[in-house]
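Notes for the structure review
Next come the chains, spelled out residue by residue.
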There are 2 protein chains.
Amino acid sequence: MKVIIIGAVAAGSKAAAKLKRLKPDWQIIIYTADNNISYSECGLPYYIAGTFKDVHKLVIRTPQDFKKQGIEVFTKHFVEKIYPDKKQILIKNLQTKEEFTDNYDKLIIATGARPNVPDIQGVNLQNVFTLRTIEDGIAIKNAVLQNKKAVILGGGYIGIELLEAFVKQGLYISLIQSSEAIMSIFDNDLAQIIQKYVIQKNLEQVKIINNQTITSIEGEEKVQKIILSDGKEIQTDMVVISAGIKPNVEITQNTGIKLGETGAIKVNSKMETNIKDIYACGDCTEKYHIVAQKPCWIPLGSTANKEGRCCALNVSGQTDEFEGVLGSAVTKYFDFTMSMTGLTEKQALKYGFEPVSVIVRKNDKAGYMPDVESIIIKLTADKNSKKILGAQGIGQGDVDKRINTLTSALLSKMTIQEFFGNDITYSPPFSTSIDPMLTAAQNLMNKFN
Amino acid sequence: MKVIIIGAVAAGSKAAAKLKRLKPDWQIIIYTADNNISYSECGLPYYIAGTFKDVHKLVIRTPQDFKKQGIEVFTKHFVEKIYPDKKQILIKNLQTKEEFTDNYDKLIIATGARPNVPDIQGVNLQNVFTLRTIEDGIAIKNAVLQNKKAVILGGGYIGIELLEAFVKQGLYISLIQSSEAIMSIFDNDLAQIIQKYVIQKNLEQVKIINNQTITSIEGEEKVQKIILSDGKEIQTDMVVISAGIKPNVEITQNTGIKLGETGAIKVNSKMETNIKDIYACGDCTEKYHIVAQKPCWIPLGSTANKEGRCCALNVSGQTDEFEGVLGSAVTKYFDFTMSMTGLTEKQALKYGFEPVSVIVRKNDKAGYMPDVESIIIKLTADKNSKKILGAQGIGQGDVDKRINTLTSALLSKMTIQEFFGNDITYSPPFSTSIDPMLTAAQNLMNKFN
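Residues numbered from 1 in each chain as written. Chains lettered and ligands numbered in written order. Predicted model: local features only at pLDDT ≥ 70, side-chain atom pairs only at ≥ 80, totals over all residues. Heavy atoms only, no water.

What follows deals with the pairing of strand β13 (residues 214-219) of chain A. The side chains of a regular strand alternate between the sheet's two faces. Residues and elements named next belong to chain A. Here five bridges tie β13 to strand β14 (residues 223-228), and the two strands are oriented antiparallel to one another. Counted as the bridge partner of S216 is I227 from β14. Turn length for the β13-β14 hairpin, with the two strands adjacent in sequence and antiparallel, is three residues. (Pairing = 2+ DSSP bridges. Helix = DSSP H or I, 4+ residues; strand = E, 2+ residues; numbered from the N terminus.)

Written out as structure tokens, the structure is:
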């Protein structure tokens, strides 16, 4: 049996490693256009920040590691076409430009995603970057060390992580976003608090510009300035575009492989596409949102790993199902954590729920502990079913663990009353005797009564 | 309507405050033998450690605060008897020694618990302490500041918290316990790791003596030495007995109020005893273990608060149910956290399950983050039902949040496979792309296959 895997960052490499353990005698081949396989994209901002020095720490397994396990790896090989009828793919060696075909018994598409680059003048100038691969990370870090002024386009997860990295490296940064506050994936009430924190934390180094886009990037060879939609100019030494990502699905053209309504590859819970013996997993696939009970596209490394594992099990002949995602995510800006799971209030509205929310500001541990910090929890439930829809938590205290108390509750579709019965661990260095999550649940119950 | 509440540390004070908000016109009277009401017992070790200076920070509400809200509070008043037929209680003023009666429409027993003091010679000598009230805390701290050598009897939660406090205050401590390792509420494999950490952390100041009890405490007025069961003597300036606690249930004698099989007051999920109009809540009551589906007695401040609230709602005429506990708990020894929820393996056996467990040692965050720490998770499920029974987590890394991801899962009686579908938040400063809890779940699933 011969399995070909296209792409090998998180999902592809996980699928390959798992499948080789399940089926040591099968032939497993990876083709990837990338120079590296099996690395942590999520760690790149911390490399740029100087949190650690050696970028290779982000690499979990090298092609050599895989070869030792009997997996064949072809880096810098771009898969151009899939011919499902012939069970064949067309590959281009990016170094020699040579094209050749290979045949599979089963195919796994794990082509991932790539940055959205808006179609504006000057995006190809030197020192205009996106962040996705290890090479991107190295290039941005080199530019950071040689320059003083940077522009970041987009204030989402990667935008805010790069902002911290650039502040730590001593840059002066203008962060430009089309929304009215940074981290606009959160509800606006919380996004406003995040924005306030970011501004006061590094007032001198950081300038946040809301409700604007970049209309052009200008310079000779290298970028020298950008022009905003309101006509203003900003001088800069470098630009990073972190304005979202999109799935790499071009490979499915003319193959009959269906995309979902989100534009990512449609798979069932076994990671099967609609074409027999063709599977897909990771950032290139559409996911099922367990709370919304609708398709969604939330591409994350943790999900990609699980999908890769599930895919390998099914390819091997076992049965495994990946039920979907909750939209759980976390990041931080210096000591300020931002975390969410389930639906925000605005997402809940979009999905047709009648969300009712409370916001609770409370200590993260007993008030007499010297390292006590304030945290803010927003908890949302559906007016009709009383089921929890989601939670958002922000603040300098211990937030992410509060959000994680809720993930299992969302998975089992708990009502707010049921969740209130939760027995969360307590002692003064860790929590308040009624945990902030339970206070939020209690306040929400009161709103329903 | 007149409600009398006996005792007011956590459950009683919570019930009083909640009931006054629900029924502002009702007469609410608290009688307590204690000097204080509404304080955090759990915070006393941190006061002794010098983590904060003012012991009154532990007081949430003073009798004056309560009086302002219209609640009558009588401290240093010991309730000696309840006469359910007459709806009357007999009270002794501990200062004047005067006895008097009072009548109630509804009665709430919240008498709490007190330390187990073994019946050994010399327990009444000066500088032999137990830790329960604020006065106990002040007395121990004064002794700590004036002395050099201490003995702690018992290595449970309070024992280990006092050990940290005493180390921080520069004492030399012998901790004596009848079990074979400290924190023997954990399974022995983890308790051994905890013990190893404790010993190597403060080798010079701390001596741990297992499998021993104290047979006598000796000295003139003040304690000077203790004698162990193996005959050895230990010179010491002070002794703290932290060998467990027992519920204060003597008040129920000759009242017809039933105790449960654990010896604590039996209540239903509405906090009602078997006698009409007599309720009980907090550490003096028996609890229902949601995982074991059996009565248990796990007295904790967080539970007491919830029970107090539930009790007030039912007393007021509303309906509220407290479903029970999961046995969730957490503490730390310096930077080493110990946390659990549900049943340990040995508890599971005792309750008649067929537990299957895995132990996972894994990083608490991405390996390239400079503050990465190793944590150890033990996850236990039932062989027949595949349902999760419990988890224990220890280590210098972020453990308690892992345990908390499981509390809702236990509440909704998830199988290990269902829990594996959990979407736990991930980014490099917070977790590994497959969270340690999910790795544990995966390894446990593999054991079942």
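Once the structure has been displayed, the description carries forward.
Its rotation angle being 180 degrees, the transformation that places chain A on chain B also includes 0.0 Å of axial translation and leaves an RMSD of 0.0 Å. Read as a symmetry element, the transformation amounts to a two-fold axis. Of the residues that chain A buries at the interface, 100% are likewise interface residues in chain B, meaning the two copies contact each other through the same surface. (Least-squares fit on C-alpha atoms with pLDDT ≥ 70 in both. Contact = heavy atoms within 4.5 Å.)

Attention now moves to the sheet that holds β13 of chain A. Strands belonging to one sheet form pairs held by backbone hydrogen bonds; the direction of such a pair is parallel or antiparallel. Residue and element names in this part refer to chain A. Spatially, three strands are ordered β13-β14-β15 in an open sheet, and the strand pairing comes out antiparallel. The sheet is open, and its two borders are formed by β13 and β15 (233-235), each paired with just one other strand. Each neighbouring strand pair of the sheet contributes to a mean axis angle of 25 degrees, computed without reference to strand direction. (Axes fitted to C-alpha atoms, helices over the stretch in contact; angles between N-to-C directions.)

Turning to the packing of helix α1 (residues 11-22) of chain A against helix α7 (residues 301-315) of chain A, a few remarks are in order. Residue and element names in this part refer to chain A. It is at 7 Å that the axes of α1 and α7 come closest, and there the two elements cross at 35 degrees. Crossing handedness for the pair α1 and α7: right-handed. Contacts between α1 and α7 involve A11, K14, A15, K18, L19 and L22 on the former and, on the latter, A304, N305, G308, R309, A312, L313 and V315. (Left-handed = near helix turned anticlockwise from the far one by under 90°.)

Turning our eyes to something else, we now look at the packing of aromatic side chains. All names here are of chain A. One pass over the full model with this rule turns up twelve aromatic pairs over all chains. Ring geometry for Y31 and F74: centres 5.1 Å apart, planes at 20 degrees, overall stacked. On the criterion of sequence distance, the pair formed by Y31 in strand β2 (residues 27-31) and F74 in strand β3 (residues 71-74) is long-range, its members being 43 residues apart. Here Y31 falls in the buried class, since its relative accessible area comes to 2%. On the accessibility criterion, F74 (29% relative accessible area) is partly exposed. Seen in terms of ring centroids, Y333 and F334 are 4.9 Å apart; in terms of plane orientation they differ by 90 degrees. Their pairing is edge-to-face. (Phe/Tyr/Trp six-rings, centres within 6.5 Å; stacked < 30°, edge-to-face > 60°. Buried < 20%, exposed > 50% of the residue type's maximum accessible area, 1.4 Å probe, protein only.)

With 60 residues of chain A at the interface, the matching set in chain B holds 60 residues. Between chain A and chain B lies a buried interface of about 5200 Å² when both sides are counted; carbon and sulfur atoms form 58% of it. Three residues, Y368, D423 and T425 of chain A, lead the burial of chain A against chain B; their summed loss comes to 15% of the area buried on that side. For the pair chain A and chain B, the interface holds two salt bridges. Scanning the region where chain A abuts chain B turns up 27 residue pairs in polar contact (both at pLDDT 80 or more). Of all the secondary-structure elements, those providing two or more residues to the side of chain A that touches chain B are α7, β21 (329-333), β22 (336-342), α9 (400-404), α10 (407-411), α11 (416-420) and α12 (436-448) of chain A. (Buried area = accessible area lost by both parts, 1.4 Å probe. Salt bridge = Lys/Arg side-chain N within 4 Å of Asp/Glu carboxyl O. Polar contact = N/O pair within 3.5 Å; in protein donor to acceptor, adjacent residues only side chain to side chain.)

For the structure shown, the criterion picks out 44 salt bridges over all chains. A salt bridge links K232 of chain A to D230 of chain A, with the shortest nitrogen-to-oxygen separation between them at 3.4 Å. Assessed through its relative accessible area of 54%, K232 of chain A is described here as exposed. The exposure class assigned to D230 of chain A is partly exposed, which follows from its relative accessible area of 40%. Its salt-bridge partner being D400 of chain B, residue K401 of chain A comes within 2.3 Å of it at the nearest N-O pair. Residue K401 of chain A is located in helix α9, and its partner D400 of chain B is located in helix α9 (residues 400-404); the two belong to separate chains. By the burial criterion, K401 of chain A is buried, and D400 of chain B matches it.

It is worth spelling out the nonpolar core at this point. Counting residues in each nonpolar core, the largest one holds 168 residues, and the members touching the most others are I82, I109 and L379 of chain A together with I82, I109 and L379 of chain B. Excluding residues that lie within four positions of it along the chain, L379 of chain A makes contacts with V356, S357, V358, I388, G390, A391, L406, I416, M437, A440, A441 and L444 of chain A. (Core = buried A, V, L, I, M, F, W, Y, C linked by side-chain atoms within 4.5 Å.)

This brings us to the environment of E80 of chain A. All names here are of chain A. Locating E80 in the fold gives a position in strand β4 (residues 77-83). Among the residues examined, E80 registers a relative accessible area of 25% and is labelled partly exposed. Distance in space between the C-alpha atoms of E80 and Q212 is 37 Å, their sequence separation being 132 residues. Discounting residues that sit within four places of it in the chain, E80 has contacts with L90, K92, E99 and I251.

This next bit is on the confidence of the model for chain A. Here chain A shows a mean pLDDT of 96. Residues at 70 or above account for 100%. Listed scores for the predicted complex are pTM 0.95 and ipTM 0.94. (pLDDT = per-residue confidence, 0-100.)

Next up on the list: the sheet that holds β2 of chain A. All names here are of chain A. The strand order across the open sheet formed by five strands is β3-β2-β1-β7-β18, and the pairing between neighbours is parallel. Whereas interior strands pair on both sides, the edge strands pair on one side only; in this sheet they are β3 and β18 (278-280). Recorded for the sheet is a direction-independent mean angle of 20 degrees between the axes of neighbouring strands.

Before going further, it helps to spend a moment on the side chain of S427 of chain A. The topology assignment puts S427 of chain A in the loop between α11 and α12. There is a polar contact of 3.3 Å between the side chain of S427 of chain A and the backbone oxygen of V330 of chain B. Beyond its immediate sequence surroundings of up to four residues, S427 of chain A is in contact with V330 and T331 of chain B.

The next point concerns the environment of K378 of chain B. Residues and elements named next belong to chain B. Mapped onto the fold, K378 is located in strand β24 (residues 374-382). A relative accessible area of 2% places K378 in the buried class. Separated by 21 residues in the primary sequence, K378 and S357 place their C-alpha atoms 6.7 Å from one another. Once residues lying within four places of it in the same chain are set aside, the contact partners of K378 are D187, D189, L190, E345, S357, V358, I359, G390, A391 and Q392.

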